[in-house]
Amino acid sequence: MAAGRTPQQLVLVAALMAVVGAGGAEPSKTDSNYRLPQAIVPEHYDLRVYTHLGDDRGFIFYGTVAIRLLCVEDADNITLHSKNLTLAEERIVLRELEPAGNGARSEDPVVGIKSVEYAKDDSDFVVLRTGVPLRKGSRYEVTVPFESNLTTGLIGYYRSSYLDKGSKQKVWLSVTQFEPTYARQAFPCFDEPAMKATFAISLAHEQRYTALSNMPVNRTSSLEESMPGWVLDEFDTTVPMSTYLVAYSVNDFAYREAPAAGPDDVTFRIWARRDAIDQVEYAADVGPRVTRFYEDYFHQKFPLPKIDMIAIPDFASGAMENWGLITYRETALLYHPSVSTASSKHRVASVIAHELAHQWFGNLVTMRWWTDLWLNEGFATYVASLGVDFLHPEWHSLEEESVSNALDIFKFDALLSSHPVSVAIGHPNQISQIFDAISYEKGSVVIRMMHLFLDEETFRDGVSRYLRRHAYGNAEQDNLWEALTEEAHANGVLPDTISVKKVMDSWTLQTGYPIVTVTRNYDANTAEVTQTRFVSSGAAGDRNVTQYCWWIPLTYTTAKSVDFNDTLPKGWMECEGERAAAVGPAKVLEDLPDAEHWVIFNLQLAGLYKVQYDRTNYRLIVRQLNGPQYDRIAPLNRAQLIDDAMDLAWTGQQNYGVAFAMMNYLRQERDYIPWKSALTNLNNINRLLKRTPLYGVFQSYVQYIVEPIYEHLRVFSADRPATDRLDAIKQLNLIASWACRFEVGDCVNRSVELFARWMNESSPDVTNPVPLNLRPVVYCNAIRHGNESQWGFLWRRYLQSNVGSEKIMIIGALACTRDIRLVERFLHWSINGTSGVRKQDATILFSSVSRSDAGFAVAKTFFLERITDIYNYLSPDTSRLSRYIKPLAEQMSSSDELRELGELIEKNATAFEKATQGVKQALETAQTNNRWTKTNLDKIGRLLPMVASRAATDQVLNFFEGA
């Protein structure tokens, strides 16, 4: 038994070892056994696929693939990927097309295949062993017939369906989802991103359907003689691209074509089921506009003749950037102006902008291996925020998105179980696990940081240089750093001694982020600045904390000369040589103001770091915030100050008195971003106090700070001024949600009244008196305070709804019920394919229930009892099990709950083998909650009565400082 560990900790260690063992190699190790040999590379695929959608042959597909190959090293086999495919081995043919050098072509170009072997491990290799050696420099063509079932698994080549409103009949369609490693489930191929080739795709199908692929249809021919009623669509040959970007679909959808702005414009078509074609107009407007923005931004025209964007009823992720045929969930592409909320509209704009950014960053230039997935996703996430700001400057969304990403990452990346942005991939089942907040949000945040310290011109020109240099090829992050460094040195933005690589490697190759401690010397008007890794477990002396340091761009302003817009670094915290493996050296800043004026670092959250100040500087900041000129501090930095103070208090590195003294000022705050920061942090406390005797006084405190902004916004007032500002609409929703949850003012009564009026409408699916952007709040609170009558009414609206975003909103609202029987039934419906809840939405339903007032205990029991059923229902993409365990773990804090969680994971280690990263994060989250309750519960118990009773700011501050 390990010394110093509690029984609960031992259970968690055992659980972690079990699930990591089941999941194969650790993410930090690269296993070459799962990588294709490099002796043979593909140049071109001729792919023909026949698709049967429920006819007399059922749901199957079959076809042939002919791959032109170049032999770059002598070899005695061809190794391909193939999974869940039946190969007609006796019909596999290998021909020599072009002998090496000037060698004579053999009389018989057919090369004998000695054997076909399937790897016994899970590498998905099929090895074609040849009778004679394959010679370096020669070209060959291998033709492989294949067949498989068209399943409903949401990966590979699969089938989806919808109910036609007119005929009331189920209609089937087929579609692909190949990222990251699922092309091998549709046709034998070299399924690695660096194995780029061109593709000539042909799709055979019943004539009543339409076929789509990456390129336009070149010609359509009848198959009437051999297959009556069938046609064959042959598509133009693609540009060189990776297998994961190949796409095709057979469907009966309708489309709308966007009007061209000029003769050189790309043909833009938006496809959807015919009942939803009235929801594509917004996508048809913003798609072409943001494409033109990127063409200008990247100095590179879109290289294909067309872009099709298609809304799929059943789709596992939000969207997929397939080159020329972008696939979406309905919620991410379709928008109905009288049904979809402003937040839904923002999501559609954001996802479209993200996927179109990929057409350059990911498709034109592709990561060499999944280690650099973040280059695709982080860059697309950041550039999408620029694209949305271009589309809708009236939304003021850029700041909100920056803060939202940073807040997410400050929480997620503070876990010791987080991972670097650029993460080595060993076992293939680890790839899907890194499509997470680190690759997307942290990738976006560090690229924004780089953009701000390089300046606009250097950033754009460096990115354009990178895209030109590596077009139609593959690259690694070092290639991007090289191009940006060349621009930065040419422009004089960085001194010759500093490279972008030197700076950015410290952010992408290490886990976590720093906390910068600023200690002022008020006599000398200087400050000493130090850094260390910030972790939510508060393990200050742990080597996992002290071994890290970062190149940090320091920005700051003072009360004497306020300028929060200057985000170019005033200096750098360096991290070189031996110090790169230890805490970085202290940096001394001079010419700071006197003891009457505050200093604030990290302007506009330009860097991914937290800041801790000395007591005097905190007092100056707290007084500024709680005074009439609180807005001298910029909104992003007001949000940052709250988030930093709350996180430092969470870990025990600072007293909660500082944070609550700051938040006293919220009673006069009118901007959205600081409220988002404050309520995000208070929600972390809320979920741990919810089941304790302290919850009543916490409710009183929330009522105290929320009441003024609720009254100011006049949430339910009919004469409230209309606004186009997205942040204002999001603020209205956020404040209304908290006001209703904590019973501030008339929020609950107004919600219940509005919902009752809706229930009394004779045609509730046509007429809805509930204000559009308040519907999530009103529905939830009417259900929370209602009974089965309200729940049944809203469930019927769910079944009748034709708008995907509305259906998701209703799922969230139905989860608000306090009726345990309804909660239990709703959870069971989530894994019943005939209930009306789509498989893709099962995790959303579970997460919503588990976070509701009455849902946690029921959701936990459901997960414990039905984990095998959930695993089978989610298969084959069981990485989504982490979306079940995380919302449960974030609410667990007692020793008994930790033991229960550990035993669950250990007992079901095999089920979690594709979700090891999420499991580790869930375990650490529960442990951190446990430590917080032991450390802070009593302190919060003494503080909350004071702040809830309107104690003065200085009183609160003094109470915890002991001053």
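Because the structure is a prediction, the values reported are computed rather than measured. (Residues numbered from 1 in each chain as written. Predicted model: local features only at pLDDT ≥ 70, side-chain atom pairs only at ≥ 80, totals over all residues. Heavy atoms only, no water.)

Time to look at the packing of aromatic side chains. Under the defined criterion, the tally for this structure stands at 62 aromatic pairs. When the centroid spacing of 4.9 Å and the interplanar angle of 15° are considered together, the rings of W795 and Y798 count as stacked. Here Y798 and W795 lie together in helix α20 (residues 788-800), a separation of 3 residues that amounts to about one turn. Here W795 and Y798 have matching classes, each one buried. Grouping aromatic residues by their ring pairs yields a cluster made of F293, Y294, Y297, F298, F302, W360, F361, F379, Y382, F390, F459 and Y466. Looking at K570, its charged tip hangs above the ring of Y556, at a distance of 5.1 Å from the centre. Above the plane of the ring of F793 lies R797, whose end atom (NZ or CZ) is 4.7 Å from the centre. (Phe/Tyr/Trp six-rings, centres within 6.5 Å; stacked < 30°, edge-to-face > 60°. Helix = DSSP H or I, 4+ residues; strand = E, 2+ residues; numbered from the N terminus. Buried < 20%, exposed > 50% of the residue type's maximum accessible area, 1.4 Å probe, protein only. Lys NZ or Arg CZ within 6 Å of the ring centre and 35° of its normal.)

Size of an interface, as often reported, equals the accessible area lost when the parts are brought together. Domain parsing of the chain yields domain 1 (39-252), domain 2 (254-364), domain 3 (366-509), domain 4 (513-613) and domain 5 (852-943). Facing the 13 residues of domain 1 at the interface are 15 residues of domain 3. By the criterion of area lost to domain 3, the three top residues of domain 1 are P180, P193 and K196, representing 39% of everything that side buries. Between the two partners, domain 1 and domain 3, sit 0 salt bridges. One can count 4 residue pairs in polar contact (both at pLDDT 80 or more) joining domain 1 with domain 3. Considered class by class, the residues forming the side of domain 1 that touches domain 3 number 7 nonpolar, 2 polar and 4 charged. (Domains from an automatic or database assignment. Contact = heavy atoms within 4.5 Å. Buried area = accessible area lost by both parts, 1.4 Å probe. Salt bridge = Lys/Arg side-chain N within 4 Å of Asp/Glu carboxyl O. Polar contact = N/O pair within 3.5 Å; in protein donor to acceptor, adjacent residues only side chain to side chain. Nonpolar A, V, L, I, M, F, W, Y, C, P; charged D, E, K, R; others polar.)

Another aspect to go through is the UniProt feature "domain: ERAP1-like C-terminal" (unreviewed entry) in the chain. Using the residue numbers shown here, the UniProt feature "domain: ERAP1-like C-terminal" (unreviewed entry) corresponds to residues 598-927. Segment residues 598-927 splits into 63% helix and 2% strand. End C-alpha atoms: 36 Å apart. (UniProt positions renumbered as here; feature names shortened; annotations may be inferred.)

A separate point is the side chain of R520. Within the secondary structure layout, R520 lies in strand β24 (residues 514-521). As a buried residue without a salt bridge, R520 has its nearest oppositely charged side chain in D614, at a separation of 5.3 Å. Among the polar contacts made by the side chain of R520, one reaches the main-chain carbonyl oxygen of D594 at a distance of 3.1 Å. Engagement of the side chain of R520 in a polar contact is seen with the side chain of N617, the distance being 2.8 Å. When near neighbours in sequence (up to four residues on either side) are disregarded, R520 contacts T526, A527, P593, D594, H597, W598, V599, D614, N617 and L620. (Lys, Arg positive; Asp, Glu negative; His and termini not counted.)

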